[in-house]
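Now for the letters of each chain:
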Amino acid sequence: MVKRYIEKFYVGFVLFLLYAPIAILIVCSFNASKSRRVWGGFTFQWYVELFQDEMVIEAVRTSLMLTTVAAIVAVLLGTLASIGITVMGQKRQQAIMTVTNIPMLNADVVTGIAIMLLFGRFWNLGYFSMLAAHITLGVPYVILNVMPKLQQTSLTTYEAALDLGASPVYAFFKVVLPDIMPGIFSGFLLAFTISLDDFVITYFTKGAGMNTISTMIYQQVRRGINPQMYALSTILFLLILIVLWVANRVSARQVQETRG
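Below, the structure is looked at part by part. This structure is a prediction, so every number in the text was calculated from the model and none was measured.

What about the overall build of the protein chain?
When you go through the protein chain residue by residue, the secondary structure sums to 11 helices and zero strands. Listing the helices and strands of the protein chain from first to last along the sequence gives α-α-α-α-α-α-α-α-α-α-α. Considered along the principal axes of its C-alpha atoms, the protein chain spans approximately 70 × 65 × 35 Å. Considering the protein chain as a whole, with its 260 residues, one finds that 34% of them fall into the buried category. Of the contacts formed within the protein chain by residues at least 6 apart in sequence, a portion of 70% connects residues at least 24 apart. Summed over its atoms, the accessible surface of the protein chain is roughly 16,500 Å², and 67% of this surface lies on carbon and sulfur atoms. Within the protein chain, the 12 negative side-chain charges are centred at a point lying 7 Å from the centre of the 18 positive side-chain charges.

Here it is as C-alpha cells:
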C-alpha cells in the first residue's frame, strides 16, 4: 500500500514539474499587468496585440510554411530511403542506418554551422538554406518511424499482387502504402514538431531579416519578454495538443480496424 502511494506521488510530482510552468505561462498570457508577479486582472489584450503585430504574423507565416514544406519533403525522401534500405543486405543496411542516425545524435550546433558554411560558400543564406537544414533534420525521424512498418509488412502479399497482374507501382500504392501509412503519418508529425521547435539550426542558416517563431522569441528575450510571447506560446501549446489528440485518435482507430 505504501509503495503504491509513493508511486502515485512520484508520477504526480513529475507531471507537476512538467506542466506547472506551462500553466503559469497560460495564466500570464491573460494577465493585464506586464509583471509576472502582480496580477492586474483578466484580459485578452496580449492576444489582440499579437494578431496586430506584423513582425509576429510574418514569423508565424514563415515558420508554418517552412515546417510544412520541410516535413512533406522529409516524408517523401525518408519513405523512399526506407524502401531502399529494406531491400539491402544486412551489413549494408546496418551501415546506412548508422549514417542515417548521425543527424539525430549529432549536436544541432554542429549541423547548423556545417550547413551555414556550405551555403555560405556556394549559395546565399535564406529561405532555401533553412529549408535544406530542416529537411536534413527531419529525414532521419521519418526513417525511424517508417522502417519498422516496412519490416512488419509481408512481402508475400506484394508478390501476390504482382502475380495477379498488378504493376510494381500499383501494387505498392494498393498493398504496401496502406500498411506503412501509420509510420508515414507519425514521421510527418515528428518531423513537423521538431522543425517547428528548432532554434539552433534555424539561427545559423537563416538569412538576414528573416525570422521564425523561435528566433523571434530569442530576439524578444534579449530585449525583455513581451507578454505577447506568452499569448503566442499558449496558442502554440494548444495547437500541438490538438494535433497530438487527433494523431492518437487516428492511431487508435487504425489499431481497431486492424484487430477487427
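Let's pick the thread back up.
Quick notes on a nonpolar patch on the surface
Where nonpolar side chains cluster on the molecular surface, the patch consists of Y10, V11, V14, L15, L18 and Y19 and spans about 590 Å² of accessible area. Its place among the elements puts V11 in helix α1 (residues 2–29).

Examining the nonpolar core
Within the largest apolar cluster, 41 residues are counted, with the highest numbers of intra-cluster contacts made by I180 and L232. For this core, the element with the highest residue contribution is helix α8 (residues 168–197), accounting for 10 residues. Here L232 is in contact with L50, V56, V60, I213 and M216, once residues within four sequence places are set aside. Residues I115, A133, L137 and I201 belong to the second largest nonpolar core, which totals five residues.

With respect to the pattern of salt bridges
Proximity of charged atoms lets side chains of opposite charge pair with each other. Enumeration according to the criterion identifies one salt bridge in this entry. One salt bridge connects E58 with R61, and the closest N-O pair in it is separated by 2.6 Å. One end of the pair, E58, and the other, R61, are both in helix α3 (residues 54–86), three residues apart, so they sit about a helical turn from each other. Since its relative accessible area comes to 42%, E58 is described here as partly exposed.

Brief notes about helix α6 (residues 127–152)
A turn of α-helix holds 3.6 residues, and therefore any two residues three or four places apart point the same way. The first and last C-alpha atoms of α6 sit 38 Å apart over 26 residues, in line with the 38 Å expected at 1.5 Å per residue. In the structure, α6 departs most strongly from a straight axis at V146, where the bend amounts to approximately 25° and where the proline P148 lies between one and four residues downstream.

Topic: the environment of I83
Note on placement: I83 falls in helix α3. Separated by 68 residues in the primary sequence, I83 and Q151 have C-alpha atoms spaced 9.7 Å apart. Every residue in contact with I83, bar those within four places of it in the chain, is listed here: L150 and F172.

Thresholds, definitions, all that
- Residues numbered from 1 in each chain as written.
- Predicted model: local features only at pLDDT ≥ 70, side-chain atom pairs only at ≥ 80, totals over all residues.
- Heavy atoms only, no water.
- Helix = DSSP H or I, 4+ residues; strand = E, 2+ residues; numbered from the N terminus.
- Buried < 20%, exposed > 50% of the residue type's maximum accessible area, 1.4 Å probe, protein only.
- Contact = heavy atoms within 4.5 Å.
- Areas by Shrake-Rupley, 256 points an atom, 1.4 Å probe, with all protein chains shown as cover.
- Lys, Arg positive; Asp, Glu negative; His and termini not counted.
- Charge placed at Lys NZ, Arg CZ, Asp CG, Glu CD.
- Patch = residues over 30% accessible without salt bridge, like charges linked within 9 Å, V, L, I, M, F, W, Y side chains within 5 Å.
- Salt bridge = Lys/Arg side-chain N within 4 Å of Asp/Glu carboxyl O.
- Core = buried A, V, L, I, M, F, W, Y, C linked by side-chain atoms within 4.5 Å.
- Expected span 1.5 Å × (residues − 1).
- Bend = angle between axes of the 7 residues up to and from the residue.

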